[in-house]
2 protein chains.
Amino acid sequence: MAKKANVTIEDVAREVGVSRQTVSRVINKGPNVKPAVREKVEQAIARLGYVPNLSARRMGGGRSYLILAVNDRQRTLENWQAGRGNDWVDQMLYGGMTECEKQGYHLMFELIDTEPEKAPVELSHSIAALRPDGIILTPPHSDNEALAAMLAEKGIPCARIGRRGGEDYIDVYMDEGAAAADAARHLLALGHRKLALIAGSPEYGNSQKRAEGFLSALEQAQCGPGLVAKANFQFDRAAELLEEMLTGPNPPTGVIADNDEMAFAALHVADKLGLRIPDDLSVISFEDTPGVRFSVPPLTAIRQPTAEMIGKACNELIAAAGGQPAKGSFILPYRMVERATTGPLAPRLSQASGS
Amino acid sequence: MAKKANVTIEDVAREVGVSRQTVSRVINKGPNVKPAVREKVEQAIARLGYVPNLSARRMGGGRSYLILAVNDRQRTLENWQAGRGNDWVDQMLYGGMTECEKQGYHLMFELIDTEPEKAPVELSHSIAALRPDGIILTPPHSDNEALAAMLAEKGIPCARIGRRGGEDYIDVYMDEGAAAADAARHLLALGHRKLALIAGSPEYGNSQKRAEGFLSALEQAQCGPGLVAKANFQFDRAAELLEEMLTGPNPPTGVIADNDEMAFAALHVADKLGLRIPDDLSVISFEDTPGVRFSVPPLTAIRQPTAEMIGKACNELIAAAGGQPAKGSFILPYRMVERATTGPLAPRLSQASGS
DNA sequence: AAGAAAAAAGTGAACGTTCACATTTTTGCT
DNA sequence: AGCAAAAATGTGAACGTTCACTTTTTTCTT
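Predicted model only: the values in this text are computed from it and were never measured.

Each value, and the rule that gives it
Residues numbered from 1 in each chain as written. Chains lettered and ligands numbered in written order. Predicted model: local features only at pLDDT ≥ 70, side-chain atom pairs only at ≥ 80, totals over all residues. Heavy atoms only, no water. Helix = DSSP H or I, 4+ residues; strand = E, 2+ residues; numbered from the N terminus. Buried < 20%, exposed > 50% of the residue type's maximum accessible area, 1.4 Å probe, protein only. Lys, Arg positive; Asp, Glu negative; His and termini not counted. Salt bridge = Lys/Arg side-chain N within 4 Å of Asp/Glu carboxyl O. Polar contact = N/O pair within 3.5 Å; in protein donor to acceptor, adjacent residues only side chain to side chain. Contact = heavy atoms within 4.5 Å. Pairing = 2+ DSSP bridges. Right-handed = clockwise from strand over helix to strand, strands pointing away. Axes fitted to C-alpha atoms, helices over the stretch in contact; angles between N-to-C directions. Near = heavy atom within 4 Å. Nonpolar A, V, L, I, M, F, W, Y, C, P; charged D, E, K, R; others polar.

## Here's the deal with the side chain of Asp133 of chain A
Residue and element names in this part refer to chain A. Looking at where Asp133 falls in the secondary structure, it is placed in the loop between α7 (118–130) and β3 (134–137). Summary of buried charges: Asp133 has no salt-bridge partner, and the nearest side chain of opposite charge, Arg58, is 4.0 Å away. There is a polar contact of 2.9 Å between the side chain of Asp133 and the side chain of Tyr105. Setting aside its immediate chain neighbours within four residues, Asp133 contacts Arg58, Arg63, Ser64, Tyr65, Leu66, Tyr105, Ile156, Pro157 and Ala321.

Spelled out as structure tokens, the structure:
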């Protein structure tokens, strides 16, 4: 009847007849425990259903078994409020939780202010409250040097998504430039000669890298110069720009968009202009959100290894909490998922529209 | 140079010249503090940048300021692995984080096994480790009485999403039946007389409730019986079933799908069969994931108040942690977002296909 | 103005771990 | 067999709060 108090490390120690420290060594996989004792302790833990209290572990000076994944507040909130959702966050959760669960860790999300000066303050408050063992910084915070420096000063391992280097921090990234170049070459190989990139926003580092990769691929193939139009990731703006291009002189026959929303705009405009996809116009997107599989036609897209990057980041962070140096540069492969919006350029047999 | 230790409650107390307990009272908004003192303490807190350590608070016997949101492991993982994503989870994060942030709380996700017997074991381990102040149970775990009972026994407030009642727990739900009935009536009002429901899975309680609402609306309008086909939330199965229906005798002109994926299947089949949307076939979906806005045509859908339900749950849970009774039944309004897949039945002028 | 009651403030203990170190046991070597 | 070194185990203190009290100060009543 009396509510059974929680099982503590002492209960386990008593059960086995050893001291709490020995039990502690067992649960932390520490050295200096005789195999037979370790075995008995493990059995007692299972029998009693003992699970270490994380708050106490942290208070005792140990790890918190917590990783904080930091996202940009304004962008995230805006996406949510606009009904765009945050597939990126969903992917992070996937990669992060999967990896953390395996190692007895926990993942928590945190939104911090876009403003580069406010960010360190907000984050340090969260750190003071939560005392995470590691922190994942995503764009645009990955580029905030002051933030990373603050973490280093506090001795908290930090993984930056979308950065290369890895001399001072754990950097996990994919080669955005190469991906864009690949996309361009793919279209080139299909016979397209006039290509356009519908870019996101210049402040967003990836847009910049992709534009460079795109342009250089065209140059290499002597098919330049490619068109680059900035549409700020927005459907309407992209549609506008695209319509202008496609009805202008020398229209592109291949389009690469910096996100799915702008790729959908291409589909929309093509439909409006009576262009067949992919015969008259091929489209490749950067993002590959779930809805993309059901567009008409289903969108060919470059899939960022978001879940994998976060998983890798968690993994490295956990290793760092275990004493490994918190540095290293890890590149992860992207993947182009070819669906139905890309194909060889196949002009109509006759110019007249007919049944 | 010496790494400045973290600011503790004692530092604040010393700064102001009061005891730690007084500072504790201030940060917990407790009674029995003179306004002048409270003011001084608050200033010192701001000046020193003091943030209470959550682990210590928890250890001291106070709250953990943590809410655990529980999702079904198999379903969630499967969605992620299949590339379907979990928009539901993204929505939860939105509603939960927004509400928790406001009140100094933190939200953490947890996946627990589908198996009703394994669930309590898994969850109790997480509870032992994390000691959350409250727990949110989502389907199918909302329906697991043993789970809820275990939480009640441990004295942990629990909010169940998708349940009504509220006598013993905090129940937050929307009226799925009414929503389905509304959808049906909407189509009826547009002139449709033959309606079909592409249902999800019978084990999923909502599918059942929607089917009931759908059927009863038709009966009331004397337009029954409606077709109900179970497609298990899958595109392929839905497409198959739909094609059968639409090419059969007396085909439906209005379709309601239990999720977006199956609604996309309807769009796909209509296209294949040369049916115009919405002139020949109207489609309404239950879900409204972000991609829906960009389908061709954009999908009319019933939007579940997922974020709002989780927000409400957090709110009530936090109140419960503050001493309020952890019970109550809260219904939240759904919304039908009318886009372009619904319209009056408008048969072609002639049967012959023409330009 | 005294005494009682209420409000404000303070104190020791406890929460469940880990750390740093002390002690005991075992192993290895000659 | 004896000793040194290594391995295994144990102990007290500390982490930063809140709780349950106790003590002090203020307010109210007559």
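Now that the structure has been shown, the text picks up again.
## Comments concerning the pattern of salt bridges
Residues and elements named next belong to chain A. Within this structure, the stated rule accounts for 40 salt bridges over all chains. A salt bridge links Glu10 to Arg20; its shortest N-O distance comes to 3.2 Å. Here Glu10, found in helix α1 (residues 9–16), pairs with Arg20, found in helix α2 (residues 20–27); they are 10 residues apart in sequence, far enough to count as distant. With relative accessibility at 49%, the residue Arg20 sits in the partly exposed group. Two residues, Asp171 and Arg160, come together in a salt bridge whose shortest N-O distance is 2.8 Å. Separated by 11 residues along the polypeptide, Asp171 in strand β5 (residues 170–173) and Arg160 in strand β4 (residues 158–161) bring together distant segments of the chain. The residues Asp171 and Arg160 share a single accessibility class, namely buried. Members of the salt-bridge network, linked through shared partners, are Asp143, Glu145, Arg160, Arg163 and Asp171.

## Some thoughts on the pairing of β4 of chain A
Residue and element names in this part refer to chain A. Alternating residues of β4 divide into Cys158 and Arg160 and Ala159 and Ile161, and every residue in both groups is buried. Strand direction decides the pairing type here: β3 and β4, joined by 3 bridges, are parallel. Bridging from a neighbouring strand, Leu137 pairs with Arg160 of β4. Pairing of β4 with β5 involves 3 bridges; the strand directions are parallel. Pairing of Ile161 across the sheet is with Val172, part of β5.

## With respect to the pairing of strand β9 (residues 282–286) of chain A
Residues and elements named next belong to chain A. Of all 5 residues making up β9, 5 are buried, and the element is well covered by its neighbours. Of the pairings in the sheet, the one linking strand β8 (residues 254–257) to β9 comprises 4 bridges and is parallel in character. If you follow Ile256 over to β9, its bridge partner there is Ile284. With helix α12 (residues 260–273) bridging β8 and its parallel neighbour β9, the resulting β-α-β unit is right-handed. Note: β9 against strand β10 (residues 300–303), 3 bridges, orientation parallel.

## Describing the sheet that holds strand β10 (residues 300–303) of chain B
Residue and element names in this part refer to chain B. One open sheet accounts for 6 strands, arranged β7-β6-β8-β9-β10-β12; its pairing is mixed. Strand pairing shows two members of the sheet lacking a second neighbour, β7 (227–230) and β12 (335–337), which therefore form its edges. In this sheet, adjacent strand axes meet at a mean angle of 20° when their direction is disregarded. Bridge count between β10 and β12: 3 bridges; the pairing is antiparallel.

## Brief notes about the protein's contact with DNA strand C
In the region of DNA strand C, 27 residues are neighbours, and Ile9 and Ser24 of chain A together with Ser19, Arg25 and Met59 of chain B sit closest. Restricting the count to atoms of DNA strand C within 4 Å of the protein gives a sugar and phosphate share of 56%. Taking Arg57 of chain A, its side chain carries an N or O atom lying 3.1 Å from a phosphate oxygen of DNA strand C. Here a phosphate oxygen of DNA strand C sits 2.9 Å away from a polar atom, N or O, in the main chain of Lys34 of chain B. Elements represented by at least two residues in the surface near DNA strand C include exactly α2 and α4 (54–59) of chain A together with α2 (20–27) of chain B. Examining the composition of the surface near DNA strand C, we find that 4 residues originate from one element, α2 of chain B, more than from any other. Grouping the amino acids of the surface near DNA strand C by side-chain chemistry returns 9 nonpolar, 13 polar and 5 charged.

Interpretation note: all reported values are geometric properties and have no functional meaning in isolation.
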